Amino acid sequence: MGCAPSIHVSQSGVIYCRDSDESNSPHQTTTISQGTAATLHGLFIKTDAADTIPSVLAYQSRQPLPTCPAPQRREPGAGREGRSGGRHCCGVEAETQTSQTSVKQASATEVQIGPMRLTQDPIQVLLIFAKEDKQSDGFWWACDRAGYRCNITRTPESALECFLDKHHEIIVIDHRNSRYFNAEAICRAIRATKPAEHTVILSVIPHRSADQEEISVLPLLHSGFNRVFFENSSITVCYNELIQIEYGEVRSQFKLRACNSVFTALDNCHEAIEITSDDHVIQYVNPAFEQMMGYQKGELIGKELTELPKSNKNHADLLDTINTCIKRGKEWQGVYYARRKSGDSIQQHVKITPVTGQGGKIRHFVSIKKLCCANESNKQSYKIHHDGKCSGDQFHSESHSFRCKNRRKESIDVKSITSRSSDAPSLQNRRYSSVARIHSMTIEAPITKVINIINSAQENSPVTVAEALDRVLEILRTTELYSPQLGTKDEDPHTSDLVGGLMTDGLRRLSGNEYVFSKNMNQSHHGHLSVPVTISDVPPCIARLLENEESWDFNIFELEAVTHKKPLVYLGMKIFARFGVCESLNCSEATLRAWFQVIEANYHSSNSYHNSTHAADVLHATAFFLGKDRVKGSLDHLDIIAALIAATVHDVDHPGRTNSFLCNASSELAVLYNDTAVLESHHTALAFQLTAKDNKCNIFKNLNRNHYRTLRQAIIDMVLATEMTKHFEHVNKFVNSIIKPSEESNSNSEGSDCDCTTNLKNFPDNQTLIKRMMIKCADVANPCRPLELCIEWAGRISEEYFAQTDEEKRQGLPVVMPVFDRNTCSIPKSQISFIDYFIMDMFDAWDAFAHLPVLMQHLAKNYKHWKTLDELKCRSLRLPSESNSGS
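How each quantity is defined
Residues numbered from 1 in each chain as written. Predicted model: local features only at pLDDT ≥ 70, side-chain atom pairs only at ≥ 80, totals over all residues. Heavy atoms only, no water. Helix = DSSP H or I, 4+ residues; strand = E, 2+ residues; numbered from the N terminus. Expected span 1.5 Å × (residues − 1). Buried < 20%, exposed > 50% of the residue type's maximum accessible area, 1.4 Å probe, protein only. Core = buried A, V, L, I, M, F, W, Y, C linked by side-chain atoms within 4.5 Å. Pairing = 2+ DSSP bridges. Axes fitted to C-alpha atoms, helices over the stretch in contact; angles between N-to-C directions. Patch = residues over 30% accessible without salt bridge, like charges linked within 9 Å, V, L, I, M, F, W, Y side chains within 5 Å. Areas by Shrake-Rupley, 256 points an atom, 1.4 Å probe, with all protein chains shown as cover. Salt bridge = Lys/Arg side-chain N within 4 Å of Asp/Glu carboxyl O. pLDDT = per-residue confidence, 0-100. Contact = heavy atoms within 4.5 Å. Parallel < 35°, antiparallel > 145°, perpendicular 65-115°, else oblique. Left-handed = near helix turned anticlockwise from the far one by under 90°. Polar contact = N/O pair within 3.5 Å; in protein donor to acceptor, adjacent residues only side chain to side chain. Nonpolar A, V, L, I, M, F, W, Y, C, P; charged D, E, K, R; others polar.

Caption draft 1: Up close: helix α34 (residues 853-871). For α34, which comprises 19 residues, the first-to-last C-alpha distance of 27 Å matches the rise-based estimate of 27 Å (1.5 Å per residue) to within 8%. Those residues of α34 that sit buried are L855, M856, H858, L859, N862, Y863, H865, W866, L869 and D870. One or two positions beyond α34, positive phi appears at K873, with a value near 60°.

Encoded structure:
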């Protein structure tokens, strides 16, 4: 027996339902009245009687297709009365309202677009078929399986009416036969409506035989169709098609629709906003921009910025500076003069942010512009009116203008402040007395002096300058003067994780989770001291390697191998001898060797990265930098000794975990050091403890008190500088205090480097900045090493971060750097992020000071290597060809 009945309509409008396999048996025919038509799936037969059948039938759930049951008779008249639980015709139930089962089936979906989290309602599908057949059934049951809400119509008029009522996300139009309606005309009619902007329309066309020529889809696309579906009644094929549309076009259109809310926000924003392409073609301006600049939107959209008139009040090279900055993907912020349509120049505070788009390239620039001061001329030219609804804003603008005029007076006139603040004379007197005492303080912090100088400068400044100085004061009063403000880097997760893991102290602790060191702090850290050897007794293979230790390309891993993971003693003795450390400290060579052995014994050889090989590498880099004339000439001899010792001990007893991990785990060290620079504080404290513990290894025992205190403070300061939360503070101070003054000095005079270094020696604070910068660069110089060494270091640090992530998951701790999951992490991406964020600017500054062309060449080559791997979507350390060749 067949699974589907045949439907026939008599001239009188009576509907007959007959099983297809029993069509020759009259007694198998069931007569159904016209009232039953509402319960049948799409009875779209072109007869006079068909006009009495509803043109729109909504089906929200149907019973599963029968497996060829015997047809059952139905009583005439079983029709519209059974709307929520109608009777069956051949095992199929039709409904004209939503049933409970379909509501459960069609659940909402959460979708993310940038920082916005959206909830997408169940998908609605409109089927436009003039008559019921296997194809319409296929799509119907596909919708049912996917949990979509489905409507079906049979005429163009009802289709348009239904769509305007429901706003379906997907429309399927039968395009196989033009006998019943014109599918392209229906599509064009729907596309002409506003809701159709975000609708996907599918054209069902006949299946073509192999010998028939393939038709072009362009006419269909021009008619408004999005996709073409070759006739196929398989439910699975129809289901797959709909699911692909949902996860593709429908999701994308849903996100685009959500952008309307963003544009609404932009249109109502009081700040002027301009969006341009990467070629600086204007793509969008908001009403506030039109009001500020005096242009209409139509006059600006599509024009290049270069076509608009410029103010002559800007510096000649300002535009080049801005373009250079934003083309590198960095945000620019500053004051800029713009020319309004009327020809007036206005001063704006501008922030330009590059936006990455297709192909990972910068595709847009978003400019946010505010007037620097609402003075009288600007106030006249910039008044925002929004249908009489801005009275509050107008009041705010007037009060702001009033503050501008009186700001300088208020900053120093204490009487004017107190007289306006209260009517109580005693309170006024007390406040006046307190404020007066503050202004007459004789002990001032440097930042207080700076703020007072700026306040005094505001007194006789034009209003626009006073406004700019106010912004300076706002910045100076923040706590983090040197840390950059991070965007929500639709941020690269690798960069976000590196910043989160390295530049925070991880104050997301979980109670009850305790991290215990593998070494007991109460036990001896140095163990049994082996009999030291003299430099002349160094094995020949080690001695040969050490002959090259003054070269930047020295291979520390070869030394690690031949010394059985004890490279620090051998390299340290050689470097310290070269710089005359024993003579400076007045200690014997045996004492120095014993000290090196104690320090090396307290590095964890089980760590893949933070072990004595890393300490030896940092010591080697420090010695290399100290060999540069500009560096050596800027430091005292005691500073050089302190730098070598600091490099040696800077990571002693490192547990292979970050500060954030220790803080989250409430480790003993984190508690001891109050979650602040935990490891760095521990490294310095332990180094001095180990040195003083045994006279045999106490290299400081013969120093006088003053020299020891100076040396100790310098070592502590340098080791603490390796803590990453202060990274940008150290780099920016170095640039502002050392590099920029040096460049200005060189441009204004013909003095030599020798003069500059002499000046630096006269300022201990500058020497401190140089020492900090030197050990910081030495500590993270891996990307500037030869490629093979760089690759090895990248693998080692990644393995250590992988191990930390594994342990965080085991202990139920917050995962500090989720991107460092050994199953999913892309090492090339992590290296690119690290170089972009931490390395590039720092080494540019250090190279400007110390002149290190070899390092910068290696850095460029290594960066290109990681970029190539990333572009090839390769997560490993090498290209496949390199791995196979064993290079």
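Caption draft 2: Highlighting the nonpolar core. Counting 114 residues, the largest nonpolar core has F576, W595, F625, L644, I645 and W846 as its most contacted members. The greatest single-element share of this core, amounting to 13 residues, is contributed by helix α33 (residues 827-850). Counting 22 residues, the second largest nonpolar core, distinct from the first, contains V125, W140, L202 and I245.

Caption draft 3: Fine view of the side chain of S158. Relative to the elements of secondary structure, S158 occurs in helix α3 (residues 156-166). For S158, a relative accessible area of 4% gives the class buried.

Caption draft 4: Just the sheet that holds strand β14 (residues 332-339), in detail. Here five strands make up an open sheet; going across it, the order is β13-β12-β16-β15-β14 and the pairing antiparallel. Each edge of the open sheet is held by one strand with a lone partner, namely β13 (282-285) and β14. Put simply, the sheet's adjacent strands are angled 30° from each other on average, direction ignored.

Caption draft 5: Seen up close, unusual backbone geometry. Unlike most non-glycine residues, H280 shows phi in positive territory, near 65°. Of note, H280 is situated in the loop between β12 (272-277) and β13. Backbone geometry places N586, a non-glycine residue, at a positive phi of 60°. With respect to the secondary-structure elements, N586 resides in the loop between α20 (581-585) and α21 (589-601).

Caption draft 6: Quick look at the pairing of strand β16 (residues 362-371). With six bridges joining them, β12 and β16 adopt antiparallel strand pairing. For E274, the partnering residue across the bridge sits in β16 and is S367. Bridging between strand β15 (residues 345-356) and β16 involves nine bridges; their strand directions are antiparallel. Bridge pairing in β16 places K351 opposite I368. Connecting β15 to the antiparallel partner β16 that follows it, the hairpin turn spans five residues, and G359 within it adopts a positive phi of roughly 75°.

Caption draft 7: Summary view of a nonpolar patch on the surface. There is a patch of nonpolar side chains on the surface, built from V217, L218 and L221 and spanning about 240 Å² of accessible area. With respect to the secondary-structure elements, V217 resides in the loop between β10 (200-205) and α5 (218-223).

Caption draft 8: Local environment of the confidence of the model for the chain. Averaged over every residue, the pLDDT of the chain is 77; residues scoring 70 or more account for 70%. Helix α22 (residues 612-626) holds the highest mean pLDDT among the elements of the chain, 98, whereas strand β3 (residues 30-32) holds the lowest, 35. In the predicted structure, residues 58-105 sits below a pLDDT of 50 and forms 101 contacts with residues beyond four places in sequence or in another chain.

Caption draft 9: Region of the structure containing the packing of helix α2 (residues 134-146) against helix α6 (residues 235-267). Remark: α2 packs on α6, axes separated minimally by 8 Å, with the N-to-C direction vectors making an angle of 60°. The angle between α2 and α6 places the two elements in the oblique class. The two elements α2 and α6 cross, and the hand of that crossing is right-handed. Here Q135, G138, F139, W141, A142, C143, R145 and A146 of α2 lie close against α6, whose contacting residues are I235, T236, C238, Y239, L242 and I243.

Caption draft 10: Main features of the side chain of H683. Along the chain, H683 turns up in helix α27 (residues 678-693). Under the relative-accessibility criterion, H683 is labelled buried at 0%. Of note is the side chain of H683, whose polar atom sits 3.3 Å from the side chain of D651. A polar contact of 2.7 Å, which involves the side chain of H683, links it to the backbone oxygen of V652.

Caption draft 11: Expanded view of the packing of α33 against α34. Where α33 contacts α34, the axes come no closer than 10 Å and their chain directions differ by 160°. Between α33 and α34, the crossing angle belongs to the class labelled roughly antiparallel. Where α33 crosses over α34, the two elements pack in a sense that is left-handed. Across from I827, P828, K829, Q831, I832, I835, D836, I839, M840, F843, D844 and D847 in α33, the residues of α34 making contact are P853, L855, M856, L859, Y863, W866, K867, L869 and D870. Of the residues belonging to the contact of α33 with α34, the class tally is 14 nonpolar, one polar and six charged.

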